Amino acid sequence: MAQQFNPQNIKKRYSTLVFLKGSTAPLVLYVEDPQSLYDELTKAMKATTATIIEKETVGPLKKVSFISNQIAAVAVQEEQYV
């Protein structure tokens, strides 16, 4: 028999996805404020000079760095979990 979930137990969490040029899978970054990270990364994409972006996260990736001119796209993702 399938287990039934109470809709009240379903929670949402948000992550910022970073798609790098030449990579098939995005970096999934769990941070305290995903929208602010999204805004920071889109601003870095528009900049004329490349910079190293280094972030500490609260998810499986604890620390990550990449060069801003290698960002192809960014997104904010909503996930549901129990």
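Residues numbered from 1 in each chain as written. Predicted model: local features only at pLDDT ≥ 70, side-chain atom pairs only at ≥ 80, totals over all residues. Heavy atoms only, no water.

### A closer look at the overall build of the chain
When helices and strands are tallied, the chain shows one helix and five strands. Mapped in sequence order, the helices and strands of the chain form the string β-β-α-β-β-β. Against the 2.2 N^0.38 benchmark of 12 Å for 82 residues, the chain shows a C-alpha radius of gyration of 15 Å, more extended than a compact globule. When its C-alpha atoms are laid out on the principal axes, the chain stretches across 55 × 25 × 20 Å. Relative to its 82 residues, the chain shows a buried fraction of 27%. A separation threshold of at least 6 residues defines the contact pool for the chain, and within that pool the share at least 24 residues apart is 60%. Accessible surface for the chain amounts to roughly 6000 Å². Of this, 51% is attributable to carbon and sulfur atoms. (Helix = DSSP H or I, 4+ residues; strand = E, 2+ residues; numbered from the N terminus. Rg over C-alpha atoms; globule rule 2.2 N^0.38 Å. Buried < 20%, exposed > 50% of the residue type's maximum accessible area, 1.4 Å probe, protein only. Contact = heavy atoms within 4.5 Å. Areas by Shrake-Rupley, 256 points an atom, 1.4 Å probe, with all protein chains shown as cover.)

### Section: the nonpolar core
Counting 11 residues, the largest nonpolar core is built from Val 18, Leu 29, Val 31, Leu 37, Leu 41, Ala 44, Ile 53, Val 64, Phe 66, Ile 71 and Val 74. Only α1 (34–46), β4 (63–67) and β5 (71–81) provide two or more residues apiece to this core. Here this core takes three residues from α1, the largest share from any one element. (Core = buried A, V, L, I, M, F, W, Y, C linked by side-chain atoms within 4.5 Å.)

### Observations concerning the pairing of β4
On β4, burial follows the alternation: Val 64 and Phe 66 on one face are buried, whereas Lys 63, Ser 65 and Ile 67 on the facing-out side are not. Looking at chain direction, strand β3 (residues 52–56) and β4 are connected through five bridges and run antiparallel. From the neighbouring strand, Ile 53 faces β4, where its bridge partner is Phe 66. The antiparallel pairing of β3 with β4 creates a hairpin that spans six residues between the two strands. (Pairing = 2+ DSSP bridges.)

### Side note on α1
Helix length check: α1 (13 residues) gives 19 Å between terminal C-alpha atoms against 18 Å at 1.5 Å per residue, within 8%. Every buried residue of α1 is accounted for by Pro 34, Leu 37, Leu 41, Thr 42 and Ala 44. The arc that holds every buried residue of α1, seen down its axis, measures 155°, which confines them to one face. Those residues of α1 that are exposed and angled more than 90 degrees off the buried face are Lys 43 and Lys 46. Lining the buried residues of α1 we find β1 (11–20), β2 (27–29), β3, β4 and β5. (Expected span 1.5 Å × (residues − 1). Arc of directions from axis to C-beta.)

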